[in-house]
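# Structural features, examined
Single-letter residue listing:
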Amino acid sequence: MIEFRQVTKRYDSDHTALRQVNFHLDRGELAFLTGHSGAGKSTLLKLLMVMERPTAGEVVVGGQVLNRLPRRQIPYIRRHIGVVFQNHQLLFDRTVFDNVAMPLEVMGASPRDVGRRVRAALDKVGLLSKEKMNPLQLSGGEQQRVGIARAVVNKPPLLLADEPTGNLDPELSADIMNLFAQFSQVGVTVLIASHDLALINEMGRRTLTLDHGNLIAGGTPLQGGFRGR
Amino acid sequence: MAVDPSRKPRKPDVARGAKTSRSPWREQAESYFIHHRKVARDSASRLWQTPVASLMTWTVMGVALALPVALLLLLTSLQGVSSGWESGARVTAYMSLDANLEQTRKLADEIGADGRVAELELIDRDRALAEFRASSGLDDALDYLEENPLPHTLLITPEESARTADGVASLLMFIESMEGVERVQVDLGWLQRLNAMTDLLARAVWALAILLAAAVVLVIGNTVRLSIESRRDEILVAKLVGGTDGFVRRPFLYTGAWFGLGGGVVAWILLQLSLWWLSGPIERLAGLYSSDFSLSGLSFDGVFALIIAAMLLGWLGAWIAVKRHLDDIEPGEIAGG
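This report concerns the structure included in the present document. Just so you know, these numbers come straight off a predicted model, no measurement behind them.

### Section: the packing of aromatic side chains
Two numbers describe a pair of aromatic rings. These are the distance of the centres and the angle of the planes. Per the stated rule, a full pass over the model turns up four aromatic pairs over all chains. On the basis of an interplanar angle of 20 degrees and a centroid distance of 4.8 Å, the ring pair of Phe4 of chain A and Phe23 of chain A is categorised as stacked. Taken together, the positions of Phe4 of chain A in strand 1 (residues 2-12) and Phe23 of chain A in strand 2 (residues 15-25) put the pair 19 residues apart, joining distant regions of the chain. Owing to a relative accessible area of 3%, Phe23 of chain A belongs among the buried residues under this scheme. When the ring of Tyr32 of chain B is compared with that of Phe33 of chain B, the centres are 5.9 Å apart and the planes differ by 70 degrees; the resulting orientation is edge-to-face. Accessibility expressed as a relative area gives 36% for Tyr32 of chain B, which makes it partly exposed. Phe33 of chain B gets classed as exposed once you look at its relative accessible area, which sits at 57%. Note that Arg116 of chain B overlies the ring of Phe174 of chain B, its terminal NZ or CZ placed 5.2 Å from the centroid.

### Here we look at the pattern of salt bridges
For the coordinates displayed, the defined rule picks out 22 salt bridges over all chains. One salt bridge connects Arg94 of chain A with Asp93 of chain A, and the closest N-O pair in it is separated by 2.9 Å. Judged by its relative accessible area of 48%, Asp93 of chain A falls in the partly exposed class. It is possible to trace a salt-bridge network through shared partners that takes in Asp93 and Arg94 of chain A together with Asp42, Arg46, Arg231 and Glu234 of chain B.

### Some details on helix 10 (residues 300-325) of chain B
Over its 26 residues, helix 10 of chain B extends 37 Å from the first C-alpha to the last, a length consistent with the 38 Å expected when each residue adds 1.5 Å. Turning to helix 10 of chain B, its buried residues number three or more, namely Gly302, Val303, Leu306, Ile307, Ala310, Leu313, Gly314, Gly317, Ala318, Ala321, Val322 and His325 of chain B.

### Details of empty space enclosed by the protein
Enumeration according to the criterion identifies four cavities of 30 Å³ or more in this entry. In this structure, the largest cavity occupies an estimated 100 Å³ of space. Considering the residues around the largest cavity, the lining is formed by Arg78, Arg79, Ile81, Gly82, Val83, Phe85, Pro103, Arg150, Ala151 and Asn154 of chain A together with Leu240 and Val241 of chain B. Those elements that provide at least two residues to the lining of the largest cavity are strand 6 (81-84) and helix 5 (140-152) of chain A. The biggest single contributor to the lining of the largest cavity is strand 6 of chain A, with three residues. Grouping the constituent residues of the lining of the largest cavity by class yields seven nonpolar, two polar and three charged. The volume enclosed by the second largest cavity comes to roughly 60 Å³. Every residue along the wall of the second largest cavity is listed here: Lys239, Asp245, Val248, Arg249, Val322, Lys323, Leu326 and Asp327 of chain B. Ranked by residue count, the leading element in the lining of the second largest cavity is helix 9 (residues 245-288) of chain B, at three residues. The residue inventory of the lining of the second largest cavity, partitioned by class, reads three nonpolar, no polar and five charged.

What counts and what doesn't
Residues numbered from 1 in each chain as written. Chains lettered and ligands numbered in written order. Predicted model: local features only at pLDDT ≥ 70, side-chain atom pairs only at ≥ 80, totals over all residues. Heavy atoms only, no water. Phe/Tyr/Trp six-rings, centres within 6.5 Å; stacked < 30°, edge-to-face > 60°. Helix = DSSP H or I, 4+ residues; strand = E, 2+ residues; numbered from the N terminus. Buried < 20%, exposed > 50% of the residue type's maximum accessible area, 1.4 Å probe, protein only. Lys NZ or Arg CZ within 6 Å of the ring centre and 35° of its normal. Salt bridge = Lys/Arg side-chain N within 4 Å of Asp/Glu carboxyl O. Expected span 1.5 Å × (residues − 1). 1 Å grid on protein atoms, 1.4 Å probe; cavity = no way out; pocket = protein on both sides within 12 Å on 5 of 7 lines; lining within 4 Å. Points joined across faces, edges and corners; volume = space filled by probe spheres on them. Nonpolar A, V, L, I, M, F, W, Y, C, P; charged D, E, K, R; others polar.

Written out as structure tokens, the structure is:
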């Protein structure tokens with residue numbers, strides 16, 4: 001599903017965010033991405049979302065080499081990648097329903113489809129009863145779950161999460177992680193950037209560890225049982 | 001391993017497995033139009049939500065549009081005057097000095113018999129001298145002259161059918177070719193002056209119209225830029241979830257067009273009001289000149305064209321703003337750390 005081939009990302013001449021990173025994630029695999037702050041986690045996610053382009057090497061998502069993707073094709077790639085943010089990026093000028101509906105709207109789904117799929121996604125995260133509320137009225141954990149519903153509403157084959165549990169207490173964090181695990185069980189590839197090592201260890205999944213732009217652990221799926229440092 | 005196909009399969013190699021794009025083409029088109037309608041309605045209601053600000057923008061646009069249109073209307077009215085010039089055209093034929101009165105009478109009969117001539121007046125040289133004496137005040141000077149220096153004169157009013165530029169020209173040639181006619185004159189001086197003035201005015205109006213249209217585009221561009229800034233988050237999210245540039249632009253282009261619509265309507269109202277206000281004095285003035293000049297308002301087509309033009313200008317302004325500022329908003333900074 002995801003493949004990094006000798007990927008290097010250099011911002012300025014003196015700042016190299018990723019150095020020759022190699023790894024490969026299969027369909028339905030759930031993996032964590034960890035490392036100290038500034039190790040390159042965000043850069044790696046940005047490369048996957050084509051917010052940035054690699055300086056060298058190739059980023060492949062679903063068989064498409066993203067380096068050579070023309071700018072106007074980027075939106076179509078993003079429609080196949082669900083993203084969950086630490087600050088969830090919800091819009092407070094519209095209802096929960098309208099927030100979740102955005103990915104469907106940009107691809108021109110019919111209103112009937114939108115209604116059906118948004119409710120299915122909200123049901124999945126347990127917020128069906130709050131579809132008409134403003135996200136501001138929800139708690140932090142609920143807001144995060146709205147963000148997740150939005151990320152999965154068009155059933156993307158790839159789900160990325162950037163510190164999805166950053167602001168949540170451990171109990172809520174475990175809930176959120178369980179949701180991600182469920183998605184991976186139905187074939188969604190999930191990559192979660194996090195430095196919540198306790199939580200990562202508890203999950204016992206493959207963990208990619210970055211250190212100053214180098215992938216120092218978890219590069220091969222054979223070491224699937226590798227747990228953090 | 002295959003990524004889902006694009007819903008709009010632009011690239012053939014991604015258009016494999018049609019798992020999610022099973023909706024037929026018709027349904028796609030339908031939801032596209034539904035989306036357009038929704039965006040259009042949404043943009044309009046956003047303008048309504050800030051009525052004072054919107055009204056001010058509309059008024060600025062309305063004033064900027066009404067001014068050149070009013071001048072254009074004045075111009076067409078003036079051109080109407082000059083295209084009716086033939087009614088005032090009279091051809092004056094001066095006989096040569098050695099032509100006597102009898103000869104002139106014969107000639108006058110001949111010319112008067114021509115189908116193109118409606119009226120003909122003969123002013124003999126004695127009467128001409130008397131009139132000149134009376135009007136010029138050169139009484140004494142004229143007494144020194146041994147003989148009358150003025151020729152016999154024919155004043156010819158063309159028939160209505162001959163009152164075209166060509167008709168008058170051919171009549172002129174005909175009269176000129178007659179024996180004994182020294183010189184033929186058409187009094188068009190004032191008309192040429194008016195024409196020159198309207199030409200000048202036309203250029204000035206067009207220059208003004210272009211400047212004001214540019215101003216309208218800039219005003220709308222700036223207003224839309226502010227609206228882009230205030231909807232920054234929304235744009236970021238739309239780009240993140242795969243909104244195309246077209247999708248992101250659409251609401252702002254509609255906003256520009258709605259600004260244009262409002263501006264066009266305001267311009268039309270301003271024009272009607274000033275026309276109503278001016279029509280009385282203009283009628284009186286025209287009456288004093290015994291002219292049937294009147295200031296014509298905008299026709300239905302004209303109003304339609306004005307509003308369409310205003311919407312296009314608004315759209316253009318929005319497009320420029322969107323082009324300049326939307327590309328700056330890239331979701332790069334979202335994933336921090």
